[in-house]
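Tertiary structure, described
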Number of protein chains: 2
Amino acid sequence: MDVEQRISNLLKLGKLRSTSVRKLVLKEFLEAGTTAISSYEIEKKFEDLDRITLYRTLKTFEEVGIIHQAVDVSGRSKYAICSEDCSTHQHEDHHAHFYCKKCEKTVCLDNVKIPRPNLPADFQLEDSQLVLSGVCGACR
Amino acid sequence: MDVEQRISNLLKLGKLRSTSVRKLVLKEFLEAGTTAISSYEIEKKFEDLDRITLYRTLKTFEEVGIIHQAVDVSGRSKYAICSEDCSTHQHEDHHAHFYCKKCEKTVCLDNVKIPRPNLPADFQLEDSQLVLSGVCGACR
DNA sequence: TTTGCAAATGCAACATTGTTACACTTTACA
DNA sequence: TGTAAAGTGTAACAATGTTGCATTTGCAAA
Ligand SMILES: [Mn+2]
Ligand SMILES: [Mn+2]
Ligand SMILES: [Zn+2]
Ligand SMILES: [Zn+2]
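A few points on the structure. On a predicted model such as this, the values are computed, not experimentally measured, just so you know.

Quick look at the pattern of salt bridges now. Residue and element names in this part refer to chain B. What the rule picks out here adds up to 10 salt bridges over all chains. In this structure, E31 and K27 form a salt bridge, with 3.6 Å as the shortest nitrogen-oxygen distance. Taken together, the residues span about one helical turn, with E31 and K27 both in helix α2 (residues 20–32) at a distance of 4 residues. Accessibility expressed as a relative area gives 32% for K27, which makes it partly exposed. Notably, a salt bridge pairs E28 with K45, separated by 3.3 Å at the nearest N-O pair. With E28 in helix α2 and K45 in helix α3 (residues 39–45), this residue pair connects regions lying 17 residues apart in the sequence. Here E28 falls in the buried class, since its relative accessible area comes to 12%. K45 gets classed as exposed once you look at its relative accessible area, which sits at 52%.

Structure follows, in structure tokens:
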């Protein structure tokens, strides 16, 4: 299936209207693959793309399960395309993320599952994120 | 040992000059205990405390191993007092942090160690953070 | 105890990140 | 094809953080 077709499908699945901004942004995520990208990176790449619309687009994509957020040590939030299993208000990306201190890229480690920790009894666990950092293979 | 004495000791250990801002801020962290606090919270509590000096103070405390950063799902960084084992440029707080979605507090779970994940061979792991979220005991 | 100087502070200026309100435009579908 | 809801662009604002620079302060040597 070609990219345009995938974009169209994903938007339909999320019950989202097909607009030029959404198609543009979604294409970026599909091309980025397991690399998580920040609002800033997209903004710089497309100079005439409105910043506010972009924030809203990311938020919308996240809500409907098209992209998921990766907590970043640097503080800025980054997003990556979701696995097939994600849907509206139900994310299933329970994998770790790796932040490279050299190239500053964040990548999804789809095969590194987050272990379920033993919490004190009175805590009700809903989400967990495992944020790893160091130097990535490409940078060594 | 009383608080003033502990403050004085910690600053000496970090080879830091004893200034009014540092004593004030450090007192906050000692009182907060395992609760991580944000720059904003301190700023609001002490209206005439200079924002920039506060940021620099937090950075310095972190560098010398007095406080450690807790990655927060909300994006803003929070800090908590370090365990005894931390020293300049060498943090030893390898514990998870819990963010309560109701009270928005972040607490150190000193007893929840971060499991060492199995990474692809070419990744060089240096740090790891386990960020848990849900509802804390007090809020249930 | 005084004094010199490095360290720390306070202020200005700036950048990034994000949110809300509101008028305008576009999309989807009846 | 017309319409209503959804989406966009602009402005305004708030939070978060950094750097440069002049002034003040802590501290140790004299
Ligand atoms: Mn991911
Ligand atoms: Mn902690
Ligand atoms: Zn790298
Ligand atoms: Zn709570």
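There's plenty left to go through after this.
Attention now moves to the protein's contact with DNA strand C. Lining the immediate surroundings of DNA strand C are 18 residues, of which A:R17, A:Y40, A:Y55, A:R76 and A:S77 lie closest. Counting only atoms of DNA strand C within 4 Å of the protein, the fraction found in sugar and phosphate groups is 59%. In the environment of DNA strand C, a phosphate oxygen lies 2.9 Å from a nitrogen or oxygen atom belonging to the backbone of A:S18. The side chain of B:R56 places a nitrogen or oxygen atom 2.9 Å from a base oxygen of DNA strand C.

Before going further, it helps to spend a moment on the relation of the copies chain B and chain A. Relating one copy of the chain to the other takes a rotation about an axis and a shift parallel to that axis. By a simple turn and slide, chain B fits onto chain A: the slide is 0.0 Å along the axis, the RMSD is 0.0 Å, and the turn is 180°. What the rotation and shift describe, once combined, is the action of a two-fold rotation axis. Residues of chain B ranked by C-alpha distance from the rotation axis are headed by B:L130, positioned 2.3 Å from it. By residue overlap, the copies meet face to face through one surface: 100% of the interface positions of chain B are interface positions in chain A.

Residue and element names in this part refer to chain A. Taken N-terminus to C-terminus, the directions of helix α1 (residues 3–13) and helix α2 (residues 20–32) make an angle of 115°; their axes are 10 Å apart at the nearest point. It follows from the interaxial angle that α1 and α2 lie roughly perpendicular. In this structure, α1 meets α2 at a crossing whose hand is right-handed. Along the contact surface, α1 presents V3, E4, R6, I7, L10 and L11, while α2 presents R22, K23, L26, K27 and L30. Classifying every residue of the contact of α1 with α2 gives 6 nonpolar, no polar and 5 charged.

All names here are of chain A. Protein coordination at the zinc ion (ligand 3) comes from C100 (SG), C103 (SG), C136 (SG) and C139 (SG), with a distance range of 2.2 to 2.4 Å. Of note, the zinc ion (ligand 3) draws all its donor residues from one chain, in the sequence arrangement C-x2-C-x32-C-x2-C. Taken together, the residues C103 in the loop between β4 (95–100) and β5 (106–113) and C136 in the segment after β6 (124–135) connect sequence positions 33 residues apart. Under the relative-accessibility criterion, C103 is labelled partly exposed at 31%. In this structure C136 comes out as buried when scored by relative accessible area, which is 11%.

Calculation notes
- Residues numbered from 1 in each chain as written.
- Chains lettered and ligands numbered in written order.
- Predicted model: local features only at pLDDT ≥ 70, side-chain atom pairs only at ≥ 80, totals over all residues.
- Heavy atoms only, no water.
- Salt bridge = Lys/Arg side-chain N within 4 Å of Asp/Glu carboxyl O.
- Helix = DSSP H or I, 4+ residues; strand = E, 2+ residues; numbered from the N terminus.
- Buried < 20%, exposed > 50% of the residue type's maximum accessible area, 1.4 Å probe, protein only.
- Near = heavy atom within 4 Å.
- Polar contact = N/O pair within 3.5 Å; in protein donor to acceptor, adjacent residues only side chain to side chain.
- Least-squares fit on C-alpha atoms with pLDDT ≥ 70 in both.
- Contact = heavy atoms within 4.5 Å.
- Axes fitted to C-alpha atoms, helices over the stretch in contact; angles between N-to-C directions.
- Parallel < 35°, antiparallel > 145°, perpendicular 65-115°, else oblique.
- Left-handed = near helix turned anticlockwise from the far one by under 90°.
- Nonpolar A, V, L, I, M, F, W, Y, C, P; charged D, E, K, R; others polar.
- Donors = N, O, S within 2.8 Å, 3.2 Å for Na, K, Ca; no water.

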